[in-house]
Amino acid sequence: MKKVLVTGGAGYIGSIACRVLKQEGYEPIVFDNLEFGHSQSVGEFEIIEGDLRSYDSIKNALVTVRPDAVMHFAAYLSVPESVEHPIKYYENNVIGSLNLFHAMIELQINKIVFSSTCATYGQPTHLPVTENETFKPESPYGQTKLVVEQMLDWFYRAYGLNSIRLRYFNVAGAWPDGSIGEDHNPEVHIIPLALFTSMGKRKSFTIFGNDYSTIDGTNVRDYIHVVDLAYAHVSALNYLEDHSVTDYFNVGVGAGYSNLQIIQMIKQVTTIDFSVEIAARRPGDAPEIYADNTKIKNILKWEPKYSLRDIVESAWKWHTTHPDGYKDM
Ligand SMILES: NC(=O)c1ccc[n+]([C@@H]2O[C@H](COP(=O)([O-])OP(=O)(O)OC[C@H]3O[C@@H](n4cnc5c(N)ncnc54)[C@H](O)[C@@H]3O)[C@@H](O)[C@H]2O)c1
C-alpha cells in the first residue's frame, strides 16, 4: 500500500483527507505539532509529533516513514493575525515548507500536493476566477502561500520535485456522519459561526455589509465540501503517479452563495430561527468570489459531488454531537 505523509493531518482538512486516503487504498501517516490539531481527529492513523520549523524534525519523520508522496496541509491560516504578525506566518508557512521540500529532495521523495488558497489572487478582476487571474494577495497569509507556490515552480525545474498546488475556495462541512469536523480556535468561518448561533452559543449573527452589487447585497463566496476537497487531493496524487509536472488548480464548486443564502440554508436545515444583524462593510472584502473549476475537471477528472445542503447538514451533525469540538471526545 502506498504511504502518504500528511503534514497538518490532525487539523480540519488534513484529518478528513486521511480518511479519504484510506478509503482510496493509501496509508496515511500524520505529521503534526498539535498546536491547532487534535489527536482525537487522527483516530486509528499513525501520528508523528513534530514541527516543520525544525529541519531535523521533518527530515527524521521522512526517513522513518519513507512515504511515496506528501500532502502538505500544515500552516497558519488566519488572515487578520497574519497582518498583525507577519514574521510568524513567513516562519511557519514559508520556512516550514522550505524545510519539508528540502528534506524531500534530499531523500528523493518527489511528489507533493500543496494546500494553497484563492487568497493568492486577492480581489479578482474577472468572475468566475480562473487560474490566469493575476496574483494580488492582500495579506501576508495569501503572500506566504504564493511564495510557496513559486518555490514549487523552481524546485520542479531544478530538482524534479513534482507538485500539484490546489487553490481552495471556502471550505466547509464535516465527515458525513458528523464524527470529525471543523474545530478552529478562534473560529472565523461563516458556517460554523452561524451554526453556533443556532445552537445558542452566540446571541446573534453579524453580516458585514448588505449594499454590495450582488444578488441580495451581501458577499458571495464559493463553498466546497471538505470531503469533495479531500477527493481533489487524491485525484491530484493519482495524477502525480504518472505525470512529471508542477501544476495548479482552483478547487471550488464553480458557483457562489450569498451570506443571506447561507443563513437561509442554515435555518432550513436546523429548523431554528436566530437574529441576524447587519454591520458596516469590512475593508478588503470583495463583493463576489467564485471559482472557474474547468481546469481541474478537465485535467484531474475531479467533480464536486456535495451540495450546500450536504455541507450544512454534515456540519450540523458534527457541531450538535460535539458542541465543544474535540474537547467532547
Ligand atoms: N480552512 C479553510 O477554509 C482553508 C481555505 C484555504 C486554504 N486552506 C489551507 O488548508 C490547510 C489546512 O487548513 P485547516 O483548516 O485544516 O487548518 P487547521 O489549523 O485545522 O490544520 C492545520 C494543521 O497544521 C498543524 N501545523 C501548523 N503548523 C505546523 C508546523 N509548523 N509543524 C507541524 N504541524 C503544524 C496544526 O497543528 C494543524 O493540525 C492550510 O494550509 C490552509 O492554509 C484552508
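In this text the structure is predicted, and so the values were computed from the model without any measurement.

Rules used in this analysis
- Residues numbered from 1 in each chain as written.
- Predicted model: local features only at pLDDT ≥ 70, side-chain atom pairs only at ≥ 80, totals over all residues.
- Heavy atoms only, no water.
- Domains from an automatic or database assignment.
- Contact = heavy atoms within 4.5 Å.
- Buried area = accessible area lost by both parts, 1.4 Å probe.
- Salt bridge = Lys/Arg side-chain N within 4 Å of Asp/Glu carboxyl O.
- Polar contact = N/O pair within 3.5 Å; in protein donor to acceptor, adjacent residues only side chain to side chain.
- Helix = DSSP H or I, 4+ residues; strand = E, 2+ residues; numbered from the N terminus.
- Nonpolar A, V, L, I, M, F, W, Y, C, P; charged D, E, K, R; others polar.
- Buried < 20%, exposed > 50% of the residue type's maximum accessible area, 1.4 Å probe, protein only.
- Expected span 1.5 Å × (residues − 1).
- Arc of directions from axis to C-beta.
- Near = heavy atom within 4 Å.
- Areas by Shrake-Rupley, 256 points an atom, 1.4 Å probe, with all protein chains shown as cover.

Below, the discussion takes up the domain arrangement of the chain. Assigned domains of the chain: these are domain 1 (3-171 + 224-251) and domain 2 (190-221 + 254-291 + 305-328). Placing the centre of domain 1 and that of domain 2 at their C-alpha centroids yields a distance of 26 Å. Residue-level contacts link 17 residues of domain 1 with 15 residues of domain 2. Taken together, both faces of the contact between domain 1 and domain 2 bury some 1,400 Å²; the carbon and sulfur share is 66%. If you look at where domain 1 meets domain 2, you find zero salt bridges. Our enumeration of links across domain 1 and domain 2 arrives at six residue pairs in polar contact (both at pLDDT 80 or more). Sorting the residues of the side of domain 1 that touches domain 2 by element identifies α2 (39-42), β10 (223-225) and α8 (226-241) as the ones contributing at least two each. When grouped by side-chain class, the residues that make up the side of domain 1 that touches domain 2 number seven nonpolar, eight polar and two charged.

Below, the discussion takes up the pattern of salt bridges. Where side chains of opposite charge bring their charged atoms close, a pairing between them can arise. In this structure the tally under the stated criterion is 15 salt bridges. In this structure, the salt-bridge partner of R167 is E149, at a minimum N-O distance of 2.7 Å. With R167 in strand β6 (residues 162-168) and E149 in helix α6 (residues 140-159), this pair connects stretches of sequence that are 18 residues apart. Note that D285 is salt-bridged to R282, the shortest N-O span being 3.0 Å. The exposure class assigned to D285 is buried, which follows from its relative accessible area of 19%.

The terminal C-alpha atoms of helix α9 (residues 259-270), which comprises twelve residues, lie 16 Å apart, in line with the 16 Å expected from a rise of 1.5 Å per residue. For α9, every residue scored as buried is listed here: N259, I262, I263, M265, I266, V269 and T270. Down the axis of α9, the buried side of the element spans an arc of 160°, and every buried residue falls inside it. Its buried side turned inward, α9 meets α7 (190-198), β8 (205-208), β10, β12 (257-258), β13 (276-279) and α11 (308-321). Trailing α9 by a residue or two, T271 shows a phi angle of about 55°, which is positive.

Turning next to the site of the ligand. Near the ligand there are 30 residues, and of these D32, F73, N92, Y141 and K145 occur at the shortest range. Side-chain polar atom of D51 to a nitrogen atom of the ligand: 3.0 Å apart, as the coordinates give it. Take L52: an N or O atom from its main chain is 3.0 Å from a nitrogen atom of the ligand. Burial of the ligand by the protein chains amounts to 97% of its free accessible area of 830 Å². Mapped onto the shell around the ligand, the elements with two or more residues apiece are α1 (12-23), β5 (111-117) and α6. For the shell around the ligand, the element with the most residues is β5, which contributes three residues.

Structurally, K3 is set in strand β1 (residues 3-7). A residue is classified by how much of its surface remains accessible, and K3, at 28% relative accessible area, is partly exposed. Separated by 64 residues in sequence, K3 and P67 have C-alpha atoms that sit 4.8 Å apart. Those residues in contact with K3 that lie beyond four places of it in its chain are E27, I29, V65, R66, P67, D68 and A69.

To continue, consider unusual backbone geometry. If a residue is not glycine, its phi is most likely negative; likewise, a peptide bond is most likely trans. For the bond from L127 to P128, the omega torsion is -15°, close enough to zero to count as cis. Structurally, the position occupied by P128 is in the loop between β5 and α6. Of note, the bond from N185 into P186 is cis; its omega dihedral lies within 30 degrees of zero at 0°. Notably, L34 is not glycine yet its phi reads approximately 60°, a positive angle. Within the secondary structure layout, L34 lies in the loop between β2 (27-32) and α2. Non-glycine residue R66 carries a positive phi angle of around 50°.

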